[in-house]
Amino acid sequence: MRQSKLFTKTQKEISKEENSINAQFLLRAGFIDRLTSGVFSYLPLGLRVLNKIENIIREEMNSVGGQEILMPALHPRENWDVTGRWDVVDVLFKLTGSGEKEYALGATHEEVVTPLLKKQIFSYKDLPQAVYQIQTKFRNESRAKSGILRGREFRMKDLYSFHADQIDLDSYYEKVKDAYFRIYEKCGIGALTYYTYASGGAFSKFSHEFQTLTPSGEDMIYICDDCHISVNKEILEELQNACPECKTPKLREEKAIEVGNIFKLGTRFSTPFGLSFKDEQDNLHDVIMGCYGIGPSRVMGTIVEVHNDDKGIIWPKNIAPYQVHLVSLCREQADIDQVDNLYHQLTHNGIEVLYDDREGVRAGEKFADSDLIGIPVRLVVSPKTLEKNSVEVKIRTEGEAHLLPLEDVERCVRLM
Ligand code: ATP
Ligand code: MG
């Protein structure tokens, strides 16, 4: 991508209404735009990051047998009346359509997926099953102040699993837990993310959250370093202030962001919708369900919260919008031709390159933009480096740059 063609520009200052680190950097660098509080557009650079995160999640959901679907975001009130949640879920956006028909905007999809699966599941032979979607969700959050960490409109992957018995749910739940850790690992927040005992809501004793440590987190968690798990403050007392696994009371308090949440739903939704199956003896049972949520847009914001410095974002390799930021400081046509050639060579060989080919922009400004945007590898080409048939390489996390012969660039970039 030629930066001269990119329709977004970086900004020095942004509105004071957004003071979180993720909003500041993402808005300034032109990854997102704010329409109103908690509602954002994803611009070319930001959408590339979001898509990468969603594709990592998609791969991992497919690896645990999830089948991807796309459910409606517009839900008729009747479905929410079946579960009694129309008046209970306080963040539900409600609207009235033609003929005074009432709807909710999808905040979660148990009310849609359960009757959907009821049309397909009849016998034990139809189980287990797992379906998921990656979709825009709507929640009327009272405080939407943390950039894309807490949106009123945001992205969510929600997986729902359907089982004949609790044992099958329990073993599937563990598989999804492992898949979640692979997702956070690939997104560069694995080491900071803790499996956390949390309240189960209406469904079961506990649910499990994935909490990423950062001072900007809204949640308080209590870490057991021996078991490498943690407890959400909301259930700490219920657990007698001790680790639920080894029972030690030695817990470390930290702030964290909830980046995922998985629940054993049991029959909370299958019973009201009458989702049941016949066993081998023809006896009828309610299907046992699990649900597994993760917010790709919140994950993106969390990555920015934990990977940055005073100059800007530092994207982990797998989810950076581009792998290489090629910055040209050349003015003579013969030199420009050489940088163009390098750009074509890299892109034709499958390397994702953002090419700062802008004319009339000072070197200092190009470097500041490059640091702000946060692509992991920067290649600078100037008349001076070309004299030595070289480019200057700088890794975003390192202070020092070094020269690399032009002919070695492609090979070296692949290794970075
Ligand atoms: P919170 O406690 O932060 O309000 P929640 O517990 O209500 O979140 P869940 O219903 O568990 O959220 O949703 C599953 C996942 O979706 C969360 O773990 C989070 O990653 C993401 N998510 C939830 N609400 C938002 C939001 N308002 N903006 C962005 N992502 C969200
Ligand atoms: Mg949650």
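Up top is the structure.
Residues numbered from 1 in each chain as written. Chains lettered and ligands numbered in written order. Predicted model: local features only at pLDDT ≥ 70, side-chain atom pairs only at ≥ 80, totals over all residues. Heavy atoms only, no water.

Novice: Help me get a handle on the coordination of the magnesium ion (ligand 2), residues and values and all.
Specialist: Around the magnesium ion (ligand 2), the protein contributes the donor atoms E258 (OE) and N261 (OD1), at 2.3 Å from the metal centre. With relative accessibility at 12%, the residue N261 sits in the buried group. (Donors = N, O, S within 2.8 Å, 3.2 Å for Na, K, Ca; no water. Buried < 20%, exposed > 50% of the residue type's maximum accessible area, 1.4 Å probe, protein only.)

Novice: Tell me about the site of ligand 1, and please be specific about residues and values.
Specialist: In the vicinity of ligand 1 there are 13 residues, among which R139, E141, R150, G151 and E258 approach most closely. Here V259 contributes a backbone N or O atom positioned 3.3 Å from an oxygen atom of ligand 1. Here an oxygen atom of ligand 1 sits 3.3 Å away from a polar atom, N or O, in the main chain of G260. Relative to its unbound accessible area of 590 Å², ligand 1 is 83% covered by the protein chains. Elements with a contribution of two residues or more to the shell around ligand 1: strand 8 (153–163) and strand 13 (252–266). No other element matches the four residues that strand 13 contributes to the shell around ligand 1. A class-by-class count of the residues in the shell around ligand 1 yields four nonpolar, four polar and five charged. (Near = heavy atom within 4 Å. Polar contact = N/O pair within 3.5 Å; in protein donor to acceptor, adjacent residues only side chain to side chain. Areas by Shrake-Rupley, 256 points an atom, 1.4 Å probe, with all protein chains shown as cover. Helix = DSSP H or I, 4+ residues; strand = E, 2+ residues; numbered from the N terminus. Nonpolar A, V, L, I, M, F, W, Y, C, P; charged D, E, K, R; others polar.)

Novice: Please give an account of the side chain of H163 that cites residues and values.
Specialist: Note on placement: H163 falls in strand 8. Looking at H163, the relative accessible area reads 1%, which means it is buried. For H163, the side chain forms a polar contact with the side chain of S161, separated by 2.7 Å.

Novice: Go over the nonpolar core with me, naming the residues and quoting the values.
Specialist: Counting residues in each nonpolar core, the largest one holds 65 residues, and the members touching the most others are F31, Y180 and W315. In terms of residue count, the dominant contributor to this core is helix 5 (residues 166–186) (eight residues). Setting aside chain neighbours within four positions, we find W315 in contact with L26, F31, V49, M300, I303, V304, A320, P321, I373, G374, I375 and P376. Judged by nonpolar contacts, the second largest core, of 23 residues, contains I336, I351, V381 and V409. (Core = buried A, V, L, I, M, F, W, Y, C linked by side-chain atoms within 4.5 Å. Contact = heavy atoms within 4.5 Å.)

Novice: Before we move on, can you summarise the packing of helix 2 (residues 44–63) against helix 8 (residues 296–306) with the specific residues and values?
Specialist: At a minimum axis distance of 9 Å, the contact between helix 2 and helix 8 shows a crossing angle of 115 degrees. Taken together, the axes of helix 2 and helix 8 are roughly perpendicular relative to one another. When the axes of helix 2 and helix 8 are compared, the crossing they make is right-handed. Counted together, G46, V49, L50, I53, E54 and I57 of helix 2 and P296, S297, V299, M300 and I303 of helix 8 form the full contact between these two elements. Taken together, the residues of the contact of helix 2 with helix 8 break down into eight nonpolar, two polar and one charged. (Axes fitted to C-alpha atoms, helices over the stretch in contact; angles between N-to-C directions. Parallel < 35°, antiparallel > 145°, perpendicular 65-115°, else oblique. Left-handed = near helix turned anticlockwise from the far one by under 90°.)

Novice: Summarise unusual backbone geometry; cite the residues concerned and give the values.
Specialist: Omega for the bond connecting L127 with P128 falls within 30 degrees of zero, at -5 degrees, which places this linkage in the cis form. Unlike most non-glycine residues, N241 shows phi in positive territory, near 55 degrees.

Novice: How would you explain the pairing of strand 12 (residues 229–232) if you had to name every residue and give the values?
Specialist: Residues of strand 12 alternate between two faces, with I229 and V231 on one and S230 and N232 on the opposite face, all of them buried. Bridge count between strand 9 (residues 193–199) and strand 12: three bridges; the pairing is parallel. Bridging across to strand 12, Y197 finds its partner in V231. In this sheet, strand 12 lies alongside strand 11 (residues 219–224) in antiparallel orientation, the contact comprising four bridges. Along strand 12, the bridge assignment pairs I223 with S230. Count of turn residues in the strand 11/strand 12 antiparallel hairpin: four residues, of which H228 carries a positive phi of about 55 degrees. (Pairing = 2+ DSSP bridges.)

Novice: Mind laying out helix 9 (residues 333–348), listing which residues take part and the relevant values?
Specialist: In this model helix 9 runs 22 Å from its N-terminal to its C-terminal C-alpha over 16 residues, within 8% of the 22 Å that 1.5 Å per residue would give. Residues of helix 9 that are buried include every one of D335, I336, V339, D340, L342, Y343 and L346, and no others. Projected onto a plane normal to the axis of helix 9, the buried residues spread over an arc of 160 degrees and lie on a single side. Within helix 9, the exposed residues directed more than 90 degrees away from the buried face are A334, N341 and H348. Buried-residue contacts for helix 9 involve strand 19 (324–328), strand 20 (353–356), strand 21 (377–381), helix 11 (383–387), strand 22 (390–395) and helix 12 (409–415). One or two positions beyond helix 9, positive phi appears at G350, with a value near 85 degrees. (Expected span 1.5 Å × (residues − 1). Arc of directions from axis to C-beta.)

The quantities given are spatial measurements derived from coordinates; they are silent on function.
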